[in-house]
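Results of the structural survey
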Amino acid sequence: MRFLLDPEQRAFAASLNAMLTAADTPSVVRSWSRGEHTGGRALWRRIAGAGVFALAVPEAYEGLGPRPVELAVAFVELGRHAVPGPLVETVAAAALLGEPGPAKRLLPALAAGGAMATAAPAGSYALDGDVATVRLSWDGDGLRLAPGHDGPVRASLDPARRLTRLLPGGELLTPEPPLAHALVWARLATAAQALGVGLALLDKTVAYVKQRTQFGVPIGSFQAVKHQLADAKIALEFARPLVLGAALTMTEADVAAAKVAACEAAYATARTALQLHGAIGYTAEYDLSLWLTKARCLLASWGDPGECRAAVLAGFSGGDRRW
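Report follows, based on the coordinates.

Cut-off values and rules
All residue numbers here refer to positions counted from 1 along the written sequence of the relevant chain. Selection of residues for local features in this predicted model requires a pLDDT of at least 70, selection of side-chain atom pairs for listing and counting requires 80 or more, and totals for whole chains, interfaces and linings are taken over all residues. Side-chain calculation: all heavy atoms of the structure are included, whereas hydrogens and water are not. Here an angle of 0 to 180 degrees is reported between the N-to-C directions of two axes, which are lines fitted to C-alpha atoms, with helices fitted over the stretch in contact. Runs of E in the DSSP output that reach at least two residues are strands. Runs of H or I that reach at least four are helices, and both are numbered from the N terminus. Working rule for handedness: look at the near helix, and if it is turned counterclockwise from the far one by less than a right angle, call the crossing left-handed; if clockwise, right-handed. Contacts were defined at the residue level, with two residues in contact if any of their heavy atoms lie within 4.5 Å. Residue classes follow a fixed rule: Ala, Val, Leu, Ile, Met, Phe, Trp, Tyr, Cys and Pro count as nonpolar, while Asp, Glu, Lys and Arg count as charged, and any other residue, Gly among them, counts as polar. Here the rule is simple: two strands pair whenever DSSP picks up at least two bridges between them.

1. Some words on the packing of helix 7 (residues 179–211) against helix 10 (residues 288–300)
Angle between the axes and distance between the axes: these two values describe a pair of packed helices. In contact at an axis separation of 10 Å, helix 7 and helix 10 are set at 145° when each is read in the N-to-C sense. Where helix 7 crosses over helix 10, the two elements pack in a sense that is left-handed. Contact residues: helix 7 offers Thr190, Gln193, Ala194, Val197, Ala200, Leu201 and Lys204, while helix 10 offers Leu288, Trp291, Leu292, Lys294, Ala295 and Leu298. For the contact of helix 7 with helix 10, the residue count by class is nine nonpolar, two polar and two charged.

Here it is in structure tokens:
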């Protein structure tokens, strides 16, 4: 099936692309990795001002949504520019806050960009718990508003993904949070973000192989290089309709399939990009690394490929979709 964005959606994507291009996101990412959040917070408010987070928040709580297709369009651009911060976690938090009391109190600030959320199971690591102002954790008792984070910030493979443990206890928001619903939204946002990461890696690599020469000619003229880039392009273009189709249906199986396809395509593109860039691709000072590491981390975020494939098979056997 061929999915085409309407003019309004294309204009939305173009405006986000222009805004993030002007924001010099690589420098923002590097500052964020060092724990310097001023530039990242300012960019966060601009993204929120464009309506991105409001797309996950119902209109009753000062949002624009829920509008999963437009959210997917936005997250492709956020991935394309390697924007740091708990982007997916804020979307998951919006889905978790379904009870009227907590929703009315917390969701308007998330939609407007005045608050930043992270979410994780109790006892596990949460992304950017040191900078988030809304920290959600869940256990057997339900969903809680964690009082803070515990211990030092831990680095991950992607330096911009800073991990902390949330403090136990805190206000009980609801004994029965919609975890499955939130997981679907988180996986959709992750899939779209990964698609954007893969597209950026492909664009950067195509540009590089046109400039790098060997034996007196650009390496992009070699058939072996063309084949690798073509494989990456095909994988990403096959993932794109799965992401948009999942945003339309929002079923667990469709979203899981989209996440597998998009994240694996982005990771495969990252491997191709690293090989074709050669030694310079390994250096942390070179901007390519900001997308390489993110592609690997998104592969396992909110469900690794094995978990997502199991969800697809469960949907097939359970008959929740027509094949």
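Picking up where we left off.
2. As for the sheet that holds strand 2 (residues 125–127)
If you trace the three strands from one edge of the open sheet to the other, you get 2-6-5, paired in antiparallel fashion. Strand pairing shows two members of the sheet lacking a second neighbour, strand 2 and strand 5 (149–154), which therefore form its edges. Neighbouring strand axes in the sheet, compared pairwise and without regard to direction, differ in orientation by 35° on average. Judged from the three bridges that link them, strand 2 and strand 6 (residues 163–166) form a sheet pairing that is antiparallel. Across the sheet, the residue bridging to Tyr125 is Arg165, located in strand 6.

3. So, the sheet that holds strand 4 (residues 142–145)
Ordered by their spatial adjacency, four strands build an open sheet running 1-3-4-7, and the pairing between neighbours is mixed. A strand with exactly one partner marks an edge of an open sheet, and here the two such strands are strand 1 (117–121) and strand 7 (171–174). For this sheet the average axis-to-axis angle between neighbouring strands, irrespective of direction, equals 30°. Across four bridges, the pairing between strand 3 (residues 134–139) and strand 4 is antiparallel. Paired with Ser137 across the strands is Arg144, a residue of strand 4. Sitting on the sheet, helix 5 (residues 87–96) is in contact with strand 1, strand 3 and strand 4, with an inclination near 75° to strand 1.

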